[in-house]
Amino acid sequence: MIFDTLDTFGHEQVVFCHNKDAGLKAIIAIHNTVLGPGLGGLRMYPYKTEADALDDVLRLSRGMTYKNAVAGLNIGGAKGVIIGDPETDKSEALFRAFGKFVDSLGGRYITAEDVGIDVNDMEYVYRETEFVTGVHQVHGGSGDPSPFTAYGTMQGLMATLNKKYGDEEIGKYSYAVQGLGHVGMEFVKLLRERGAKIFVTDKAKALVEKAVSEYGAEAVGLDEIYDVAADVYSPCAMGGTVNEKTLPRLKAKIICGAANNQLANDAIGDEVEKRGILYAPDYAVNAGGVMNVSLEIDGYNRERAMRMMRTIYHNLGRIYEISERDRIPTYRAADRLAEERIAAIGKLKLPMGRSAPRFLGRMRGH
Ligand code: NAD
């Protein structure tokens, strides 16, 4: 049964990690390493069943392959999950036990933070393996990726405005920004600097107040965000917000934001296209975070990171070309770009070692 699933989704390797003393039950899924070692975050979540955990790690690791490929990185796709409650089940032993498993893979999997994991947990993992990104800056880590993600989202937005309207004047258009967290607030700041009209919403009142007072945004209700007359709907909170209920309400002609998994399903992606709304594929737009951590592998450098963020503009342009060339919706075109790149690079049969992680920037020592 499991091998059938792996066959369908194309995974290379799945590792079940168990350490009774540390209470560790984890799964690492390596989906594809054609472009390089598999990089993807570690998630800790109280999964109801082991099957749920397996399902999640298989889905997420495959997603990382596509994201990393479209981002133009020499990196493949992988992901880790720990079955447990991040509120109550964390311990040094748990993360060090996980780190030992990561190390045993010899660099085929490089881990990072994801839901339920913070930089302190990563410090424990880092004691057992160097194949970790997102550690403290003192170890050559890259710190909070959110400002980079916001800046990258701006690049994606410019490419999308250009495609839709033939110009990139961000300030000429209006935006409905949902979510004012780490990425959303920074995105609003960048929009404001360019003189844009911005509508905002968030569950946290204080964040809404900040966006209004500091960045001149107009506050709207949590549900109202789908009805405002804005040119761009920008999801920067949770996934699945473009769905059967919300899509008929959207006035925007562009969907471009940083949230993951914005489309509730593929059918919605097709419907977005039919309605003449240009969807900027989420994982291409929000790749700033993974681009940033990927630079830790060769030695982190902030300037290089900013330069890399700007490639998001070109990646989006390429996706829109493929969408037109093959007459497919943009969300499918993004997948095709990833598949074409993996196939082309896979054929080169480069000698082993070139893309092996080096972690040059690290000052290892605890
Ligand atoms: P965050 O937790 O800092 O912010 C999310 C914000 O959304 C919070 O302020 C929360 O109150 C708000 N929110 C939640 N539900 C809401 C709702 N229904 N309506 C309005 N607001 C709501 O998270 P973040 O790091 O800013 O990430 C935002 C999104 O971008 C997530 O989907 C994340 O997966 C994605 N993303 C983030 C990064 C990054 O670098 N942080 C990189 C890639 C993708």
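About the criteria used
- Within each chain, residues carry numbers counting from 1 in the order of the written sequence.
- Whole-chain, interface and lining totals are the exception, using all residues; otherwise, since this is a predicted model, local features are given only for residues with pLDDT of at least 70 and side-chain atom pairs are given and counted only at 80 or more.
- Excluding hydrogens and water, the side-chain figures rest on all heavy atoms present in the structure.
- Strands here mean DSSP runs of E at least two residues long; helices mean DSSP runs of H or I at least four residues long; both are numbered from the N terminus.
- The criterion used for residue contact is that any of the two residues' heavy atoms lie within 4.5 Å.
- Only the protein chains shown count as cover for residues, with accessible areas throughout obtained via the Shrake-Rupley method and a probe of 1.4 Å.
- His is not counted, nor are the chain ends; Lys and Arg add positive charge and Asp and Glu add negative charge.
- Lys charges are placed at NZ, Arg charges at CZ, Asp charges at CG and Glu charges at CD.
- Definition of nearness: a residue and a molecule or strand are near each other if at least one heavy atom of the residue lies within 4 Å of the molecule or strand.
- Polar contacts, as counted here, are pairs of nitrogen or oxygen atoms within 3.5 Å of one another; within protein the pair requires one atom able to donate a hydrogen and one able to accept it, and residues that are adjacent in sequence qualify only if both atoms are side-chain atoms.
- Under the scheme applied here, a residue whose accessible area is under 20% of the maximum for its type counts as buried, over 50% as exposed, and between as partly exposed, the area being computed with a 1.4 Å probe on protein chains only.
- Helix span is expected to be 1.5 Å times the residue number reduced by one.
- A pair of strands is considered paired only if DSSP assigns at least 2 bridges between the two.
- Each domain span listed reflects an automatic or database assignment of domains.
- Using a 1.4 Å probe, buried area is obtained as the accessible area two parts lose upon being combined, added over both of them.
- Charged residues are taken to be Asp, Glu, Lys and Arg, nonpolar residues to be Ala, Val, Leu, Ile, Met, Phe, Trp, Tyr, Cys and Pro, and polar residues to be all remaining types, Gly included.
- Each pair of aromatic rings taken from Phe, Tyr and Trp, with Trp reduced to its six-membered ring, is defined by centres within 6.5 Å and is described as stacked if the planes are under 30 degrees apart, edge-to-face if over 60, and tilted in the remaining cases.
- Consider the ring centre and the ring normal. A charge sits over the ring if Lys NZ or Arg CZ is within 6 Å of that centre and within 35 degrees of that normal.

1. Here we look at the overall build of the chain
Step number 1: A tally of regular secondary structure across the chain gives 13 helices and 12 strands.
Step number 2: Taken along the three principal axes of its C-alpha coordinates, the chain extends 55 × 45 × 40 Å.
Step number 3: Here the contacts in the chain between residues at least 6 apart in sequence split such that 65% fall between residues at least 24 apart.
Step number 4: For the chain, the accessible area works out to roughly 16700 Å², and carbon and sulfur atoms hold 51% of it.
Step number 5: Of the side-chain charges in the chain, 45 are positive and 49 negative, and the distance between the mean point of each set is 4 Å.

2. Description of the site of the ligand
Step number 1: Neighbouring residues of the ligand: 19 residues in total, closest Thr149, His182, Val183, Asp202 and Ala237.
Step number 2: One of the side-chain N or O atoms of Ser146 is found 3.3 Å from a nitrogen atom in the ligand.
Step number 3: Within the contact set of the ligand, an oxygen atom lies 2.7 Å away from a backbone nitrogen or oxygen of Ala237.
Step number 4: Bound to the protein, the ligand loses 72% of the 840 Å² it would expose on its own.
Step number 5: Every element with two or more residues in the shell around the ligand is listed here: α5 (146–165) and α6 (182–193).

3. Concerning the side chain of Ser174
Step number 1: Secondary-structure assignment places Ser174 in strand β7 (residues 174–178).
Step number 2: If sequence neighbours within four positions are ignored, Ser174 has contacts with Lys197, Phe199, Ala229, Ala230, Asp231 and Val232.

4. Here's the deal with the side chain of Ser61
Step number 1: The topology assignment puts Ser61 in helix α2 (residues 50–70).
Step number 2: By relative accessible area, which is 0% here, Ser61 ends up buried.
Step number 3: Within polar-contact distance, the side chain of Ser61 engages the backbone oxygen of Val57 at 2.7 Å.
Step number 4: Not counting residues within four places of it along the chain, the set of residues in contact with Ser61 comprises His11, Ala29, His31, Gly77, Ala78 and Lys79.

5. Description of helix α3 (residues 92–104)
Step number 1: Along its 13 residues, α3 runs 18 Å from first to last C-alpha, staying within 8% of the 18 Å computed at 1.5 Å per residue.
Step number 2: Three or more residues of α3 are buried, namely Leu94, Phe95, Ala97, Phe98, Gly99 and Val102.
Step number 3: Against β1 (13–19), β2 (24–32), β4 (42–45), β5 (76–83), β6 (109–110) and α4 (119–128) lie the buried residues of α3.
Step number 4: Backbone geometry just downstream of α3 places Gly106 in the positive-phi region, at approximately 60°.

6. Quick look at the sheet that holds strand β10 (residues 232–235)
Hydrogen bonds between backbone groups are what pair the strands of a sheet, and the pairing can be parallel or antiparallel.
Step number 1: Reading across the sheet, the 6 strands line up as β9-β8-β7-β10-β11-β12 and stay open at both edges, with parallel pairing between neighbours. A single partner strand is all that each edge strand has here, and the edge strands are β9 (218–219) and β12 (278–279).

7. With respect to the domain arrangement of the chain
Step number 1: Per the domain assignment, the segments of the chain are domain 1 (2–66 + 75–132) and domain 2 (147–340).
Step number 2: On a C-alpha basis, the centroid separation for the pair domain 1 and domain 2 is 28 Å.
Step number 3: With 7 residues of domain 1 in contact, the opposing surface of domain 2 contributes 10 residues.
Step number 4: When the buried area of domain 1 at its contact with domain 2 is split by residue, Leu39, Tyr66 and Ile75 rank highest and sum to 67% of it.
Step number 5: Here domain 1 is connected to domain 2 by 1 residue pair in polar contact (both at pLDDT 80 or more).
Step number 6: For the side of domain 1 that touches domain 2, the element with the most residues is α2, which contributes 3 residues.
Step number 7: Grouping the constituent residues of the side of domain 1 that touches domain 2 by class yields 6 nonpolar, no polar and 1 charged.

8. Re the packing of aromatic side chains
Step number 1: Taken as a whole, this structure holds 3 aromatic pairs when the rule is applied.
Step number 2: Both rings, one in Tyr226 and one in Tyr233, keep their centres 5.9 Å apart while their planes meet at 55°; by these two values the pair is tilted. Like Tyr233, Tyr226 is buried.
Step number 3: Between Lys197 and the ring centre of Phe199, over which it is positioned, the NZ or CZ distance is 4.8 Å.

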